[in-house]
Amino acid sequence: MTGTDDVLLVHGGTPLQGEIRARGAKNLVPKAMVAALLGSGPSRLRNVPDIRDVRVVRGLLQLHGVTVRPGEEAGELVLDPSHVESANVADIDAHAGSSRIPILFCGPLLHRLGHAFIPGLGGCDIGGRPIDFHFEVLRQFGATIEKRADGQYLEAPQRLRGCKIRLPYPSVGSTEQVLLTAVLAEGVTELSNAAVEPEIEDLICVLQKMGAIISMDTDRTIRITGVDRLGGYNHRALPDRLEAASWASAALATEGNIYVRGAQQRSMMTFLNTYRKVGGAFEIDDEGIRFWHPGGPLNAIALETDVHPGFQTDWQQPLVVALTQASGLSIVHETVYESRLGFTSALNQMGAHIQLYRECLGGSACRFGQRNFLHSAVVSGPTKLQGADLVIPDLRGGCRAPVSGGRAARAAGRAASPPSGAPAVGHGAVPRLAEWVRP
């Protein structure tokens, strides 16, 4: 444990009821903050959640001379990169292991300073997320990279140049790296097999507001025409569709009723279809989406994760909790991260019946099928879950969400067994997902 925010005590026995607002998307906001480095003037970013990645990026920006201050409204940041400067390597290295976002500083710092230092990277324990391709992309743009004991040192002796890049897999991080590097590179960059998640589109909107020229084709090809100068932006981050799905799953698992203000149908269509197949109910209006358990048994399903517009890997973990309460055998095939089913051991501690397999149990083989990874699961339900002392391995497994006072519940946490042997059910604003079970 690293602090009091790492521990969350949940007394169960009550369905989750009420309303909550989805804050800005975790998978967009830190990247939009990095994009501010590229501008010649200040940027305003609204709907910013108070999460660790935001604090890490804010610290790194300030180390490099960017002024970051609160704006006029709650959840607004003003970022002024007028005086970007080199940061002390020791200060940068102090952030090593706390986030994977620093890798995205490479392109903007190479444009602004001609060099960059990237420390060792951390992140959730959900499988390998190699950064070698990030550096290979930067080499194609013309950067030189020196590997050091404490990280990577990059230089751009001349202006970076546009190039043609094809991703072997539509990786979100690699797509972001190309976008943040190509917008000020000389010439045209063509990126094929790119990620096209809504957060990627929102980042493109941010960059376009700054003066970038970016087009997206229907075949996952993105073309970026480099420009000589970018300005600032004024942008409201799109709501976090992954957080909204977590609350939806919580309502289903606890036989509750939750209105998620800010949730958007368009970015959640695949999730909503699956939610309805399981037996959940929802109602959409102009302000958000209400999710509830309509009564009766839930349905077991076969589920396969995929990149957008498929069923998102970040939706898988919260929904699996609800599937422990479905009648029959549900099959889950994780195709995006090879180790994203580790959280199921915590559910089994609480009484779930989940078995992991190395084989591809979905409708098609995936890249992990011959590599000895436990990436498929069979969930047998319904099972009554009990309170337990748990350590959650990653963010989505722990369902980190905003809590009162602007703090965030981190992925690692501890649940206490509720009194009188009652099942551990979320009670209050933010229970961890592994503790969201039926009463």
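Right, let's walk through the structure included here. (Residues numbered from 1 in each chain as written. Predicted model: local features only at pLDDT ≥ 70, side-chain atom pairs only at ≥ 80, totals over all residues. Heavy atoms only, no water.)

Notes on the sheet that holds strand β1 (residues 17-21)
- In spatial order, the strands read β1-β13-β15-β14; together these 4 strands make up an open sheet with mixed pairing. The sheet is open, and its two edges are formed by β1 and β14 (281-284), each paired on a single side. Geometrically, the sheet is characterised by an average inter-axis angle of 15 degrees between neighbouring strands, direction not taken into account.
- Bridging between strand β13 (residues 257-261) and strand β15 (residues 288-292) involves 5 bridges; their strand directions are antiparallel. By the bridge assignment for β15, asparagine 257 is matched with tryptophan 292.
- Lying on the sheet, helix α8 (residues 241-253) is in contact with β1, β13 and β15; it crosses β13 at an angle near 170 degrees. (Pairing = 2+ DSSP bridges. Helix = DSSP H or I, 4+ residues; strand = E, 2+ residues; numbered from the N terminus. Axes fitted to C-alpha atoms, helices over the stretch in contact; angles between N-to-C directions. Contact = heavy atoms within 4.5 Å.)

Some words on the environment of leucine 9
- The residue leucine 9 is located in the segment before β1 in this model.
- Given the relative accessible area of 54%, leucine 9 is considered exposed.
- Here the alpha-carbon distance between leucine 9 and aspartate 389, two residues 380 residues apart in the chain, equals 9.7 Å. (Buried < 20%, exposed > 50% of the residue type's maximum accessible area, 1.4 Å probe, protein only.)

With respect to the sheet that holds strand β12 (residues 234-236)
- As summarised here, the arrangement of the 4 strands in space is β3-β4-β2-β12, forming an open sheet in which the pairing is mixed. Each end of this open sheet is capped by a strand with a single partner; those strands are β3 (67-70) and β12. Between one strand axis and the next, the sheet turns by 15 degrees as a mean value, whatever way the strands run.
- Here strand β2 (residues 43-46) runs beside β12; their pairing, made up of 3 bridges, is parallel. If you follow arginine 46 over to β12, its bridge partner there is arginine 236.
- Packed on one face of the sheet, helix α2 (residues 52-63) meets β3 and β4 (77-80) and runs near 135 degrees to β3.

Section: the nonpolar core
- Core analysis: the largest hydrophobic core is formed by 72 residues, its most contacted members being Leu79 and Leu207.
- For this core, the element with the most residues is helix α7 (residues 198-210), which contributes 6 residues.
- What leucine 207 contacts, discounting residues up to four positions off in sequence, is Ala35, Leu38, Leu179, Leu180, Val183, Ala212 and Ile214.
- One finds Val260, Ala322, Leu323 and Ala326 within the second-largest nonpolar core, a separate group that totals 47 residues. (Core = buried A, V, L, I, M, F, W, Y, C linked by side-chain atoms within 4.5 Å.)

What to know about α8
- The first and last C-alpha atoms of α8 sit 18 Å apart over 13 residues, in line with the 18 Å expected at 1.5 Å per residue.
- Of all 13 residues in α8, 13 are buried, a share of seventy percent or more.
- Its side-chain oxygen at 2.9 Å from the backbone nitrogen of leucine 242, aspartate 240 defines the N-terminal cap of α8.
- Once α8 ends, the next one or two residues include glutamate 255, with phi positive near 55 degrees. (Expected span 1.5 Å × (residues − 1). Polar contact = N/O pair within 3.5 Å; in protein donor to acceptor, adjacent residues only side chain to side chain.)

Thoughts on the packing of aromatic side chains
- Applying the stated rule across the entire model yields 6 aromatic pairs.
- An angle of 75 degrees between the planes, with centres 5.4 Å apart, marks the rings of phenylalanine 311 and tryptophan 315 as edge-to-face. Of the two residues, phenylalanine 311 and tryptophan 315, neither departs from the other in class, the shared state being buried.
- Following the ring pairs from residue to residue traces out a cluster consisting of Phe271, Tyr275, Phe291, Phe311 and Trp315.
- Over the aromatic face of tyrosine 153 sits the side chain of arginine 148, whose NZ or CZ is 4.3 Å from the ring centroid.
- Of note, arginine 367 hangs over the ring of tyrosine 169, and the distance from its end group to the ring centre comes to 3.6 Å. (Phe/Tyr/Trp six-rings, centres within 6.5 Å; stacked < 30°, edge-to-face > 60°. Lys NZ or Arg CZ within 6 Å of the ring centre and 35° of its normal.)

Describing the environment of glycine 342
- Relative to the elements of secondary structure, glycine 342 occurs in the loop between β18 (326-333) and α11 (344-349).
- The class of glycine 342 is partly exposed, set by a relative accessible area of 38%.

Examining the side chain of arginine 220
- Tracing the sequence through the fold places arginine 220 in the loop between β10 (213-216) and β11 (222-225).
- For the buried arginine 220, no salt bridge exists, and the shortest N-O distance to an oppositely charged side chain is 5.3 Å, to glutamate 197.
- A polar contact of 2.5 Å, which involves the side chain of arginine 220, links it to the backbone oxygen of histidine 308.
- Setting aside residues no more than four positions away along its own chain, arginine 220 makes contact with Pro170, Leu191, Ser192, Asn193, Ala194, Ala195, Val196, Val307, His308 and Pro309. (Lys, Arg positive; Asp, Glu negative; His and termini not counted. Salt bridge = Lys/Arg side-chain N within 4 Å of Asp/Glu carboxyl O.)

Here we look at the pattern of salt bridges
- By the definition in use, this model includes 14 salt bridges.
- Notably, a salt bridge pairs arginine 236 with glutamate 73, separated by 2.8 Å at the nearest N-O pair. With arginine 236 in strand β12 and glutamate 73 in the loop between β3 and β4, the pair connects residues that are 163 residues apart, well separated along the chain.

Looking at the pairing of strand β7 (residues 151-155)
- Relative to β7, strand β5 (residues 115-119) is paired through 5 bridges, and the arrangement is antiparallel. Residue proline 119 lies in a different strand from β7, and its bridge partner there is glycine 151.

Thoughts on helix α4 (residues 106-113)
- Among the residues of α4, Cys106, Gly107, Pro108, Leu109 and Leu110 are the ones counted as buried.
- At its buried positions, α4 is contacted by α1 (29-35), β5, α5 (132-141), β7 and α6 (172-182).

With respect to the side chain of threonine 305
- Position of threonine 305 relative to the elements: it lies in the loop between β17 (302-304) and α10 (313-323).
- Using a relative accessible area of 1% as the deciding quantity, one classes threonine 305 as buried.
- In this structure threonine 305 touches Phe311, Gln312, Thr313, Gln316, His333, Glu334, Thr335 and Val336, once residues within four positions along its chain are discounted.

As for the environment of arginine 21
- When you line up the elements, arginine 21 lands in strand β1.
- Expressed as a C-alpha distance, the spacing of arginine 21 and valine 260, which sit 239 residues apart in the sequence, is 5.5 Å.
- Beyond its immediate chain neighbours, meaning those up to four positions away, arginine 21 contacts Glu243 and Arg261.

Read these as geometric descriptors, not functional statements.
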